[in-house]
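Summary of the model geometry
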Amino acid sequence: MREVVDAVESLRLADVGEAGLLARLFAFCDRSVVGDDAALLNWPEGQSLVVTTDVLVDGVHFSDRTTPPRSIGWRAVAANLSDLAAMGATPRAITVGLSLPGNCAIDWVEALYGGMADCLAQFGGAIVGGDVTRSTVATVAITAIGSVLPDRSLQRHAAQSGDAIVVTGEHGASRAGLALLLADWPPEAVEPSAAARSTWIRAHQYPTPRLDVIAQLDQLRPRLADRPLAAMDSSDGLADAVVQLAQASGLRAKLWGDRLPMPAGLVAAVGLAQARHWTLYGGEDFELVLCLPPDLAADLVQSLGGSAAIVGEMVAPEADLEALTQQPIAWVVDSGAIEPIGRSASFQHFGTSATTGPA
């Protein structure tokens, strides 16, 4: 991690020690809360606590080849806020667990926290505590705390047969950005335009947690008759999210190949097969995948605009499977062809087929 260990012009952690580092990091925190052994938080009456943790590790989730420190901080927070959004929750606070080498540059740490603060300023929440420790590997662990009214929480197991599958935006841009950053662009592909290149790299380095979707769903609540809704974020890939939603709900999922939300220009650049693979399995797009009644799904897509789309439907386990030699949880239908999809090609930390990460 060259940006951490080779910085020349900056003080290093070993020069200032833990107390000196904490004094600098307090500037990024909610000073009305930070300072005691733990944070005291006020809580909205009648709301449920929502807690999620995400860990980013040097060499697995980021490297100096793909992510400057401000981007690492932004992504670390955005990943957690995206999980809160997938539960229908509003961000309230985060804590930060930071493990770093002693020769890490202070400038790097301050840029990291600057990225966190930028993301929180835009989407909500504040840094209210954490911990710092010495380690041979740089690690950023974020715990995010949110709240939601109990009857408005979103959960994976709530999908029903006949539900439309909605994605809140395009998929594959982050994976394309990663390929560009790693100089791993497919050799047979066309070099993308400067605008597309910038857009895809930014999608990878500064993803947007879709907390805006919660307000749009609240507008539809009166028409749901207290029916729960299913949702998940797509950080590990669109296919992974669809499979997990179907599995948790005891259903099967059918996607329509011609409706997959691919980034503009991606097919022209890398071809349909590669674009579809990145769209389904690329990961780290941080959009939401939701299941809701078709009429409400259409209204939600219209209100969200942009690349939001209905991409498929949930079906009963026995439906449309007669022609399949195996019974996959999810499949893509395109021009009459059936393509089973699964989680194996998506990013998995302990698998052998991960397609994302700094490599």
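Computed from a predicted model, the values in this text were never measured in an experiment.

Let's shift gears to the UniProt feature "binding site: substrate" (unreviewed entry) in the chain. Here the UniProt feature "binding site: substrate" (unreviewed entry) sits at His61, Glu284 and Phe347. Tracing the backbone through its elements, the reader meets His61 in the loop between β1 (48-57) and α3 (69-86). Within the secondary structure, Glu284 is located in the loop between α10 (272-281) and β8 (288-292). There is a polar contact of 2.8 Å between the side chain of Glu284 and the side chain of Arg75.

Turning to the UniProt feature "binding site: Mg(2+) 4" (unreviewed entry) in the chain, a few remarks are in order. Per the UniProt record, "binding site: Mg(2+) 4" (unreviewed entry) is annotated on Asp37, Thr52 and Asp83. Mapped onto the elements, Asp37 comes out in the loop between α2 (13-25) and β1. A relative accessible area of 85% places Asp37 in the exposed class. By the secondary structure assignment, Asp83 is in helix α3. Residue class for Asp83 comes out partly exposed when judged on its relative accessible area of 22%. The contacts of Asp83, once residues within four sequence positions are left out, are Thr52 and Asp233.

This brings us to the packing of α3 against helix α4 (residues 106-123). The contact between α3 and α4 brings their axes to 6 Å, and the two run at 40 degrees. Relative to α4, α3 is oriented oblique. Remark: the crossing between α3 and α4 carries right-handed chirality. From α3, Pro69, Arg70, Ile72, Gly73, Trp74, Val77, Ala78 and Leu81 reach across to α4, where they touch Trp108, Ala111, Leu112, Gly114, Gly115, Met116, Asp118, Cys119, Leu120, Gln122 and Phe123. In terms of residue class, the contact of α3 with α4 is built from 13 nonpolar, four polar and two charged.

So, about the sheet that holds strand β4 (residues 139-148). Taken together, the four strands give an open sheet; going across it, the order is β1-β4-β2-β3, and neighbouring strands pair in mixed fashion. Each end of this open sheet is capped by a strand with a single partner; those strands are β1 and β3 (127-134). The average angle at which neighbouring strand axes cross in this sheet is 15 degrees, direction not considered. As paired elements, strand β2 (residues 90-100) and β3 share seven bridges and run parallel to each other. Opposite Leu100, over in β3, you have Arg134 as the bridge partner. With respect to the sheet, α4 is in contact with β2, β3 and β4, its orientation differing from that of β2 by roughly 170 degrees.

Turning next to the environment of Glu287. Position of Glu287 among the secondary structure elements: in the loop between α10 and β8. Linking Glu287 and Ala308, residues 21 residues apart in sequence, is a C-alpha distance of 9.5 Å. In contact with Glu287, other than residues within four places in its own chain, are Thr168, Gly169, Glu170, His171, Arg210, Met232, Asp233 and Ser234. A distance of 3.2 Å separates a polar side-chain atom of Glu287 from the backbone nitrogen of Gly169.

The strand order β6-β8-β5-β9-β7-β10-β11 describes an open sheet built from seven strands, whose pairing is mixed. In the strand order of this sheet, the two ends are held by β6 (230-233) and β11 (337-341), each with one partner. Between one strand and the next, the sheet's axes are offset by a mean angle of 25 degrees, whatever the strand orientation. Docked against the sheet, helix α8 (residues 238-249) engages β5 (164-167), β6, β7 (252-256), β8, β9 (309-315), β10 (330-334) and β11, running at close to 150 degrees with respect to β6.

With that settled, consider helix α7 (residues 212-220). Among all positions of α7, only Val213, Ile214, Leu217 and Leu220 are buried. Looking straight down α7, one finds its buried side chains confined to an arc of 110 degrees; they lie on one side. Where the residues of α7 are buried, they touch α3, β8 and α11 (294-304).

All right, on to unusual backbone geometry then. Although it is not a glycine, Glu284 sits at a positive phi angle of roughly 60 degrees. Glu284 sits in the buried class, given a relative accessible area of 10%. Even without being glycine, Phe286 reaches a positive phi, approximately 55 degrees.

What counts and what doesn't
- Residues numbered from 1 in each chain as written.
- Predicted model: local features only at pLDDT ≥ 70, side-chain atom pairs only at ≥ 80, totals over all residues.
- Heavy atoms only, no water.
- UniProt positions renumbered as here; feature names shortened; annotations may be inferred.
- Helix = DSSP H or I, 4+ residues; strand = E, 2+ residues; numbered from the N terminus.
- Polar contact = N/O pair within 3.5 Å; in protein donor to acceptor, adjacent residues only side chain to side chain.
- Buried < 20%, exposed > 50% of the residue type's maximum accessible area, 1.4 Å probe, protein only.
- Contact = heavy atoms within 4.5 Å.
- Axes fitted to C-alpha atoms, helices over the stretch in contact; angles between N-to-C directions.
- Parallel < 35°, antiparallel > 145°, perpendicular 65-115°, else oblique.
- Left-handed = near helix turned anticlockwise from the far one by under 90°.
- Nonpolar A, V, L, I, M, F, W, Y, C, P; charged D, E, K, R; others polar.
- Pairing = 2+ DSSP bridges.
- Arc of directions from axis to C-beta.

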